[in-house]
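Examination of the molecular architecture
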Amino acid sequence: MAYELAIGDRSYSSWSLRGWLLFDAFGLPVTLRRYRLYSPEMDDLHRDFAPALLLPALRLPEGIVTGETLAIAETLAERHPGAGLWPEQAEARAAARYLAAEMHSGFAALRGHCAMNLLKSYSDCAPDAAVLADLARIESRWSGARARYGAGGPWLFGRYSIADAFFAPVAARIAGHNLPVGPDATAYVAAHLAHPSFRRWRAMGWAEHVEQPFYRRPWPERPWPGSVPRQAEPAEGPSLNVSCPCSGKPVTDFLRLDGRVWGFCNRFCRDKTMADPDAWPAFLAMEANLEAVNHS
Ligand SMILES: N[C@@H](CCC(=O)N[C@@H](CS)C(=O)NCC(=O)O)C(=O)O
């Protein structure tokens, strides 16, 4: 039996994003079960993943359920010592644990005012003093970690760690609400928006086509500040490929990209690829194979 992770709507559930990044960003395989927030599906979650009340919840291969994202992170780090979930060096690891724990329990003003919504970006959310104080604390915690431990890469401890997974939704909130931060934090936020796992999650959120009115805000909107994906659109078959790059199954749903039609085994696979074609390695490999055949 493999790991089974219960998640909520990808566009809105910041804790589900953290939980999923603990697998995807570290190459750990997991089976997902999605439950729609604020719907009767939450009763199904409570039945399927008892005693969990909130998302994410993880069923371990031996059958027991663990919840609370920090507990999930520690459990995975202990079980997969070679996956690099925490920094290798003990002092850095202690600092990373402190950052993840502070994120887990803190920054209530920022989290309350700027809900994560990966479908929207606002040009001005009128942050109050409490939100700006949380933001200043976050910036100073990020720059402290980067200055002392971050020399080996764009992340808080150089290499991507649990601490970064915990701050990914904060980066999304800063980007999504155009919150004022300095150049170092801006670069760190940009690294999150460009991270392949984050891009895949956001593309899957779009492909879910779930709108939760609860997250709608009356603020002026602007385009999402991450990179602009290659433009794809729904299409009719036939396609260049006969089997889906995600599953290997026969194709039924199609998109057009750069003048070519590609097929997928269902609408979700098609739509997540349409949202951000360059986030999907198996799709890119399929495109590259065609280029190689055309040039041989
Ligand atoms: N402290 C929890 C927070 C989890 C949480 O608040 N999850 C939200 C979704 S992002 C949830 O399940 N909300 C459903 C509800 O409140 O009924 C953790 O670390 O996992």
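Placed above this text is the structure.
Read on for an overview of the structure. (Residues numbered from 1 in each chain as written. Predicted model: local features only at pLDDT ≥ 70, side-chain atom pairs only at ≥ 80, totals over all residues.)

Some details on the overall build of the chain
Spelled out, the test is: A helix here means a DSSP run of H or I that spans at least four residues, while a strand means a run of E at least two residues long, and both kinds are numbered starting from the N terminus. This radius of gyration counts C-alpha atoms alone. The globule rule is 2.2 Å times how many residues there are, raised to the power 0.38. Backbone-placed C-beta atoms define the burial measure: a residue is buried with 20 or more other C-beta atoms within 10 Å of its own, exposed with 12 or fewer, and partly exposed in between. Once C-beta atoms have been placed from the backbone, residue pairs whose C-beta atoms lie within 7 Å are recorded as contacts.
Looking only at helices and strands, the chain has 11 helices and 9 strands in total. Relative to the globule expectation of 19 Å for 296 residues, the C-alpha radius of gyration of the chain, 20 Å, shows essentially globular dimensions. Within the chain, the fraction of its 296 residues that count as buried is 38%. Considering only residue pairs separated by 6 or more positions, the chain has 63% of its internal contacts joining residues 24 or more positions apart.

Notes on the site of the ligand
Note the threshold: Throughout this description, a residue near a molecule or strand is one whose C-beta atom, derived from the backbone, lies within 6 Å of it. When residues are sorted by character, Ala, Val, Leu, Ile, Met, Phe, Trp, Tyr, Cys and Pro go into the nonpolar class, Asp, Glu, Lys and Arg into the charged class, and all the rest, Gly among them, into the polar class.
What surrounds the ligand is a group of 14 residues, the closest being S13, W15, L54, L55 and T69. For the shell around the ligand, the element with the most residues is helix α1 (residues 14-24), which contributes 3 residues. Residues of the shell around the ligand, tallied by class, amount to 7 nonpolar, 6 polar and 1 charged.

A closer look at the packing of helix α6 (residues 129-149) against helix α8 (residues 183-194)
Note the cut-off: As a rule, the C-alpha atoms of each element are fitted with a line to give its axis, helices using only the stretch in contact, and angles between N-to-C directions run from 0 to 180 degrees. For classification purposes, an angle smaller than 35 degrees is called roughly parallel, one larger than 145 roughly antiparallel, one from 65 to 115 roughly perpendicular, and anything else oblique.
One can describe the packing of α6 onto α8 by two numbers: an axis separation of 10 Å at closest approach and a directional angle of 80°. Considered as vectors, α6 and α8 are oriented roughly perpendicular to each other. Residue-level inspection shows E139, W142, S143 and R146 of α6 in contact with α8, the latter providing D184, A185 and Y188. Its residues assigned to classes, the contact of α6 with α8 shows 3 nonpolar, 1 polar and 3 charged.

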